[in-house]
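# Residue-level structural notes
Single-letter residue listing:
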Amino acid sequence: MRKSFGNLLWIIFLAGISCSEAPKGETAKISLPVYKDVPYLQDYSIKYDKQKDDLLLFEAFMDRNKVIQASSSDGILRTHDGQFLYPGTLLQDKTYRPMTDKNIAAMTTYQDQFVYLDDKAVLSNAWAGNLYLKHNLPKANKFAAGKDFDFLISEGQSLQYVSKNNSGWQGALSKDKAVAIKFDQKTNSFWILGEKSVTTFNPKDKTLKMIHEGRNFTSFALLDNKLIVTTLDGYFEIDATSGKQIGDKKIQLPWTEINYVEEIDGHLWFGSTKGAFMLKNDGKFNYYYGKRWLPDNNVKHISKGTDGSILMVTDKGLGQIVFEKMTLFDKAQYYEKQVRDRHIRLGFNATLVDMDNGNFDTGRLSDSDNDGLWTTMYLAGQVFRYAVTQSEEALQNCRESMDAMERLFSINPVPGFPSRSFERSGYIERLGDPERWQHTDDPEWDWKSTTSSDEAIGHIFAYGAMAELMDNDLKDRAIVLIDTLMGHIVQNDMYLVDFDGKPTTWGRWNPEYVNARPKMVGDRKINASNIIGMLQTAYHFTGKEKYKKKAFDLMENHGYLDNLMWPMKDVAMAPDDADDWSKMLSESWNHSDDEMYFVGYWGLYRYAFNDTLKTKFKEAIIDHWEIERPEKEGAWNIMTALTGTRDFDLEEAAWYLREHPMDMVTWEVLNSHRKDIAFIAPNFREQTTKEVLPPDERRIQRHNANMFTLDGGRNGTEEYSAGDIWLLPYWMGRYLGVISEPMGSE
Amino acid sequence: MKYGILGILFLCIGSCSKHKVKALATTADTSIRSVYIDTAYAQEYAVKYYLAENQKTYGVRDIISNRNGNIQILTNKGLLVPQNGQLFYSGTLTPDISYSPMANKNIKAFTNYGDHIVYLDDTQVFSNAWAGKLQIEHGLKNPKLLVGGKDFHFLVYNGEQLSYLNQEGPLLKLAAEKGISQMLYQEKENRFILVSPNKITTFVPGKPLKEIYVGTGISCAALTNEGTKIVVGTSKGYFYLGVNKLIENVPWPEITTISEINGSLWFGTSWGAFKLLENGNYSYYSGERWLPGNNVVGMAKGPERSVLILTNNGVGSIQTDLMTLEDKAMFYEKQVREKNIRYGFNCSVSKLPHGYASAVMKDQPSDNLWTAMYLVSQLYRYKVTGSEEAKQNAYESFEAMERLHHITPIKGLFARSYERDYIVINEKKPGWQKKELLSGSPASQWLPGNDHSNWTWRSTVSSDQTVGQFFALTAILELVEDQAWKDRALECLDNLMGYIIDNDYYIIDVDGEPTLWGKWNPSYVNGFPKNVGDRRLYSSNIIGFLQTAYKFTGKEKYKTGAYQLIKEHGYLENLMRPISQIGHSDDDALSSSLSHEWNHSDDEMYFLAYFGLSNYAFTPELQEDYKKSIRDHWQAERPEKNALWNFIYTATTSSEDFDLDNSIWFLKNYPMDLRNWKMENSHRKDITLLSNNFRLQSTDELLPLTETPLYRHNGNIFDLDRDGNGQQLISAGDTWLLPYWMGRYLGIISAPQNKNGDLNIKY
């Protein structure tokens, strides 16, 4: 949500829930803060594309009947079809037969009714068609409505005032052409913005008065007693009374080449050659860039719809930003449907790829190197959902993803070894990493080898949650897979050993690999942290001593406890004398490691062998969380809450969930050109700006990516699943009791 | 469900004359009217997906959906999936490319197993569910049919042989007859049902095939009653196996497919689809209000309570939303504003030559009437809900109706309509009356506007336009608080009544002649034989007009005029004449042409004017007479179940028994899709056609409005068939919103009781 639209407050109950209400298994004696899930304004876009390349779009408005019209070089257009994610089109408006024969040069709204300007008159179809004021400016192309059915019209230099109830007036700007005209309700006067001057017209005594001179003006708006004047290089403010410029020109903007400004409910909305932006009360901007929001980035006109939406005219069509009241739970319901409808491949949680410009029906479900990880993250989310709601649908979703997970193990010939993925045979050359694919005994199927540590930690996380929270066959099936995978690792000397008898590149938790890394290299810490959590989980659910023994051996004899307790702030590049592999691994912060850590914390903290260890693990988790805080990563904050800490940036987590775009298509997004954000020097974490941008201004990405990446996207060719990205943190938050059930949902 | 209601039975109580207050108070004290409690009900509408021309040659065969909400259509050229699609923006069908490996498979059949899709191709039975593990070599050449049994066992048929499989492969192969068209699995009996044109056979694994029925013309079968019964479809109806009695009196007997969906039996036929209701009746879905084509090929349960019907032209998805009547009202409210407002008029029919976005609105001969009905609906809505939007809607319609008075050059003469920049100006040519009478459409004389010279207005205003003006202006005077607005309404009302009475009960047009229908003079009214409806109608209307004018202006001339008509010209007798006596007369050419059948437009004129007739009666005695007349009329209308007539009836007579249930039935069944699709019913075998009659009542029982041609209040609700192409949209402003908000205002429809309706519809 991007708002300053309603006056909703994000209420956090710091008093929180008492421990007696805490979910099963939660023994912490402290109470956690709770986000109260009341409706907020969620924005999303409905796009309407123009149908002819050479058609020019000018302005768009909505009347009180909720009809949208746009003026264009082909006359008045109206919207056809159009839903969220399914763009509509703009067609010629033939509603009123006589209108199609008129040369409409401009339109506006007055009393929420459409009013038109043609070569002869100001006219409308409202008020029983009574409004018809003739004028003498055949080339008139700008006008504004006054207070009482009166209008000021211009055709460049010439001006004419026409009124239903008063006598008219004709005149001209002394040496300028009108760019825009606006009416000032407070002073009952018109403002005329020229290319290089600002003039006021008083309809009462019919006088023109120039109050300011400058150059290259593009548009203006009235706000309080100020005129906001835009140029192709920022905007400035003028005192409406004195005509003097107030302060410096404003250039710390998302983009300074401004075409249009409009005041809407006390806020300034700017249309630029690189998207639109709204100035918030805190001085920062909401930025609407790219096809997530707009058919094109050259925004030429903005107006407020009578239903609360914002209409933005671009070169290629109309973007309607809709604000809908919903709770996080409502949003979850949309995402649940999105996942089932478009992202289930053989039970995997998959990405839809090869799409043509965001059209889902042209997409293909893709295999992934990490089908295991993305699916287990979705699966864990569904486990939490089932634990909270007892939803049969969630349970069935779990079963179906579990089918796929089990088959990862059974489809390859190596005991206890999970495949990365599988697919019907005959397509290896067209799948990701063809060299990693192997045939199975069944000529119909191929499987993907080289399984990595991030797959392994995903498996153990989801099975741990399932074993703990399920009260049915899935509990046993989860424990079987935990034992199968961990049995393989322990038996193979802490390696994942592939079909060729060799350890995979990343499936290595043996001290000879882990401790070969210098202490500051992240891999030493992550592998230690993960494997202890995995062994604890295996011991917790199987009771097999070998897992406990191995964990303590690693901690006590190989320094794994020290490894995993290594302070995050000291994770850094390997020194010059280190081995090449360590140097390669530590070139920069690894956000995929963050994901592995956090999904691994479930087993590390929850199934700790003893309280002493648990306290230490909590310390490590919070140390990690502290360094992640600038990312405002909803999933990491919520996962941190599982330690029972009261401080885990709940508000930022809820912000992440609210601000996450409904539209999960990989539209191109650019932010690096922005002049309203504070960039910081290149650094190890690749944090680009002081403050992280909201998710709906960034590219669509998973939790393994850098939240500070400014630019990116895949040109609308893919849609990501909300299963791992959004549903996991949401349902985990619900399960941990830090997000309430929906309240006052509509 | 019975609520006592007080004080809101009439448009007016406070300002009525003294003796009437007493009469009304008595009525109110004794009235205990039923109230409909507006809880969410199941409202159906269709979203259609059309096959492209080239796709029609593919040969569509079957449709299916799964628990993920995926829908697939099997054709001889691969799988299609629906794309986009809303109620007013039909979707298309597009090749399914979600799973790339599927592209090379030659899918012969699919079946739903465990709410997932299982496919049959040349060599395998397989699925993308269960992690893709399900994959069985079936060992038959040219397989045709597939059905699942217990525990992932499947039966495959290739025209000669059956192959019974478990997950490992074929367990049994056995020869079977040719021509099996469908296979079902009956779980309760652990047996398969094999349907052939001439018999039904069962297969229990391990046992020989067994014939259980022999007959002819068998097309399909389905399980019902929780899988315990088998219903069999034929080219002549259907029957339950075991009972074996053919049921032929169905909407259309040539059954192509049967399916039990959400607990109801759905039948697909060569002429639409129908659903068996609990009361034994059928809901019939045919025509493009429901289906892209009438030849039904397959059916399946769809996502979210929908039923998918595959036809020769594409898919009709019958959606069910749980909504209250108020939800339905809000849907229509928005549509009227977007599609039917022309200069403030309620444009009763908008054209849609290029789809829903491009509605074209033209002047209508009765802009007065349709706008008045919409205007009053918005005033009721305003009074009930306080909605400023409703008030503004009403005000804008008033401005349009007021301008009808100002655009003519003569005080008291109002226009039928007006248009901007409309240059066609026709003269009233000699014989125009005859032409107008025969064509039923008014002579189009368009004249330059008195207020703006580039506007034209349409003359030849009629009696039904006058009814509209009175209906709207009276409601404004009764319901609006704003005195300036009321003053303007009163001025219109006084001018127009004065113009009529000053011209000896004629509306004199710009040419100095009476308009064809603007005639209430006794020489015209009493010139009709007594049994001709116009004599009764015009008497009823003009007395109501005069009473209304007197009530609000207090001018004696209106009262005097009314009494003159009552006493000297028999108008009371005219309006009291029993409806049963109204019929055909050949006495003169005009009477003959006006009385060849019941005039439903007259019904509309009667009822809208009953407020002025009954509620503003000069005396209680007259009021009793009027009520008797209204009751007599209403009795004749009851088979039509028209909510508007029923509600006006109780509002003007305070009758407790006014067919509330039928009225609600009318409102619920009124279609969400108000486009003029071609609708046909007279071929149905489940209705009894009546012989020709004066009222043109076609069937004993009225069919639900979901199944019949679009009904407007001046039409015959018993019409069974009508042509159409979906390129016109009628306004709900007069047809539905008026009775609904009137019901709310009268307190006989409650405010919505639960806001938890489940709305999927996009509007």
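Residues numbered from 1 in each chain as written. Chains lettered and ligands numbered in written order. Predicted model: local features only at pLDDT ≥ 70, side-chain atom pairs only at ≥ 80, totals over all residues.

## Description of the overall build of chain A
Of the regular secondary structure elements, chain A holds 15 helices and 40 strands. On the principal axes, the C-alpha backbone points of chain A span a range of 100 × 55 × 55 Å. Burial statistics for chain A: of 746 residues in total, 53% are counted as buried. (Helix = DSSP H or I, 4+ residues; strand = E, 2+ residues; numbered from the N terminus. Buried ≥ 20, exposed ≤ 12 C-beta atoms within 10 Å, placed from the backbone.)

## Section: the interface of chain B and chain A
How big an interface is tends to be reported as the loss of accessible area on association of its parts. Counting residues at the interface gives 47 residues for chain B and 42 residues for chain A. Within the residue set of the side of chain B that touches chain A, elements represented by two or more residues are strand 5 (78-83), helix 3 (325-339), strand 29 (341-342), strand 32 (360-361), helix 5 (388-406) and strand 33 (417-420) of chain B. No other element matches the 4 residues that helix 5 of chain B contributes to the side of chain B that touches chain A. Taken together, the residues of the side of chain B that touches chain A sort by class into 17 nonpolar, 16 polar and 14 charged. (Contact = placed C-beta atoms within 7 Å. Nonpolar A, V, L, I, M, F, W, Y, C, P; charged D, E, K, R; others polar.)

## Considerations on the confidence of the model for chain A
Predicted coordinates in areas of low pLDDT are best not read in detail. For chain A, mean pLDDT is 94; residues scoring 70 or higher make up 96% of the total. Low pLDDT, under 50, characterises residues 1-28 of chain A; the stretch is placed with 53 contacts to residues that sit more than four places away or in other chains. (pLDDT = per-residue confidence, 0-100.)

## Re helix 11 (residues 556-569) of chain B
Residue and element names in this part refer to chain B. If you check helix 11, its first and last C-alpha atoms are 19 Å apart, about what 14 residues at 1.5 Å a residue would give, namely 20 Å. Turning to helix 11, its buried residues number three or more, namely Y558, G561, A562, L565 and I566. Looking down the long axis of helix 11, one finds its buried residues gathered within 130° of arc, a one-sided arrangement. Every exposed residue of helix 11 that faces more than 90 degrees away from the buried side is listed here: E556, K567 and E568. Residues of helix 11 that are buried in the fold lie against helix 8 (483-502), helix 9 (522-525), helix 10 (533-553) and helix 12 (571-576). Phi turns positive, to about 70°, at G570, one or two residues after helix 11. (Expected span 1.5 Å × (residues − 1). Arc of directions from axis to C-beta.)

## Describing the confidence of the model for chain B
Looking at chain B, pLDDT values average 92 and 94% of them are 70 or higher. On the interface metric, ipTM, the complex scores 0.82, and its pTM is 0.88.

## Points about the packing of helix 7 (residues 522-542) of chain A against helix 11 (residues 591-606) of chain A
All names here are of chain A. Closest axis-to-axis distance for the helix 7/helix 11 pair is 8 Å, and the angle between their directions is 30°. Compared by their axis directions, helix 7 and helix 11 come out roughly parallel. Every pair of crossing elements has a handedness; the one defined by helix 7 and helix 11 is left-handed. Residues G522, I526, S529, N530, I532, G533, M534, Q536 and T537 of helix 7 pack against D593, M596, Y597, G600, Y601, G603 and L604 of helix 11. (Axes fitted to C-alpha atoms, helices over the stretch in contact; angles between N-to-C directions. Parallel < 35°, antiparallel > 145°, perpendicular 65-115°, else oblique. Left-handed = near helix turned anticlockwise from the far one by under 90°.)

## Details of the sheet that holds strand 38 (residues 675-679) of chain B
Residue and element names in this part refer to chain B. In spatial order, the strands read 32-31-39-38; together these 4 strands make up an open sheet with antiparallel pairing. Strand pairing shows two members of the sheet lacking a second neighbour, strand 32 and strand 38, which therefore form its edges. Relative to strand 32, strand 31 (residues 349-351) runs antiparallel, the two sharing 2 bridges. Bridging across to strand 32, K351 finds its partner in V360. (Pairing = 2+ DSSP bridges.)

## So, the pairing of strand 29 (residues 310-314) of chain A
Residue and element names in this part refer to chain A. A large share of strand 29 lies buried, amounting to 5 of its 5 residues. The alternating pattern of strand 29 places I310, M312 and T314 and L311 and V313 on opposite faces, both of which are buried. Remark: 5 residues form the turn of the hairpin made by strand 28 (residues 299-304) and strand 29, two consecutive strands paired antiparallel; G308 in that turn has positive phi of roughly 90°. When strand 29 meets strand 30 (residues 317-326), the two strands line up antiparallel, connected through 5 bridges.

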